[in-house]
Amino acid sequence: MRKLIAFVAAVFVSAMLFAQTAPSVNLKDSDVKNWAKNCVSIQKELDKLGIDDDYTYTEAIAGKAEAEKVLEKNGISGPNPIDKYATILQCAAILKAEAEMDEETIAMMKFMKVDPIGDLKKNINSKDYNVVSSNSKAVLKAVDALDNMD
């Protein structure tokens, strides 16, 4: 989960610096379902290639072509499978955070007029987030599988 959190943080910082509104990566339901089903094998294959989630997946990534092949082989369709993968990870992190918040924490944050989840969602196109959240049960199960992968 540490890698996932570091990756999400890097992506959010990048998004805040370069984008005013988040464009859609055109996530499909099948992209999310395939990620949930194959996330552990995707991560293992990326690890074998030496592609680390601590880097922001951009045009500058050294193993971009190899990463795209891994993602497409595991059902995250093109175009832009890396952007789709990054968006799925961001949404998964938000869903996990929402699932772990208790009522007391939510109430305290509302009292303090803080909405960190809302701030995170600003960096994701709502259409893409809705696709991921409609598969939240499978996504949360996949995040747990990634957490227990080590």
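Residues numbered from 1 in each chain as written. Predicted model: local features only at pLDDT ≥ 70, side-chain atom pairs only at ≥ 80, totals over all residues. Heavy atoms only, no water.

A.B. asks: Just checking my understanding: could you explain the overall build of the protein chain for this structure?
C.D. replies: Counting its regular elements, the protein chain contains 8 helices and 0 strands. Scanning the protein chain from its N terminus toward the C terminus, one meets helices and strands in the order α-α-α-α-α-α-α-α. Each of the 150 residues in the protein chain was classed as buried or not, and the buried ones make up 40%. Sequence-distant contacts, at least 24 apart, represent 80% of the contacts inside the protein chain between residues at least 6 apart. Split by element, the accessible area of the protein chain, about 8600 Å² in all, is 56% carbon and sulfur. (Helix = DSSP H or I, 4+ residues; strand = E, 2+ residues; numbered from the N terminus. Buried < 20%, exposed > 50% of the residue type's maximum accessible area, 1.4 Å probe, protein only. Contact = heavy atoms within 4.5 Å. Areas by Shrake-Rupley, 256 points an atom, 1.4 Å probe, with all protein chains shown as cover.)

A.B. asks: I keep staring at the pattern of salt bridges and nothing clicks. Help me out?
C.D. replies: Pairs can form between side chains of opposite charge whenever their charged atoms are close. Applying the stated criterion across every chain yields a total of 7 salt bridges. With its nearest N and O atoms 3.2 Å apart, the salt bridge here joins Asp 31 to Lys 84. Here Asp 31, found in helix 2 (residues 29-48), pairs with Lys 84, found in helix 4 (residues 81-100); they are 53 residues apart in sequence, far enough to count as distant. Linking Lys 64 and Glu 68 is a salt bridge whose minimum nitrogen-to-oxygen distance equals 3.7 Å. Linking Lys 64 with Glu 68, this pair stays in helix 3 (residues 64-73), spanning 4 residues, or about one helical turn. (Salt bridge = Lys/Arg side-chain N within 4 Å of Asp/Glu carboxyl O.)

A.B. asks: How should I be thinking about the confidence of the model for the protein chain in this particular structure?
C.D. replies: Fine structural detail should not be taken from predicted coordinates in areas where pLDDT scores are low. On average, the protein chain scores 82 in pLDDT, and the residues at 70 or more come to 79%. This model gives residues 55-60 a pLDDT under 50, and the stretch forms 14 contacts once residues within four places in sequence are excluded. (pLDDT = per-residue confidence, 0-100.)

A.B. asks: Just checking my understanding: could you explain the packing of helix 3 against helix 4 for this structure?
C.D. replies: At a minimum axis distance of 9 Å, the contact between helix 3 and helix 4 shows a crossing angle of 70 degrees. One way to sum up the angle between helix 3 and helix 4 is to call them roughly perpendicular. Crossing angle aside, the handedness with which helix 3 passes helix 4 is left-handed. Across the interface between the two elements, Lys 64, Ala 67, Glu 68, Leu 71 and Glu 72 of helix 3 pack against Pro 81, Ile 82 and Tyr 85 of helix 4. (Axes fitted to C-alpha atoms, helices over the stretch in contact; angles between N-to-C directions. Parallel < 35°, antiparallel > 145°, perpendicular 65-115°, else oblique. Left-handed = near helix turned anticlockwise from the far one by under 90°.)

A.B. asks: For this particular structure, what's the right way to read the environment of Met 149?
C.D. replies: Inspection of the secondary structure assignment puts Met 149 in the segment after helix 8 (136-147). Judged by relative accessible area, Met 149 falls into the partly exposed class, the value being 23%. Sequence-wise, Met 149 and Gln 43 are 106 residues apart; in three dimensions their C-alpha atoms are separated by 9.2 Å. Apart from residues no more than four positions distant in its own chain, Met 149 is found in contact with Val 40, Gln 43, Lys 44 and Asp 47.

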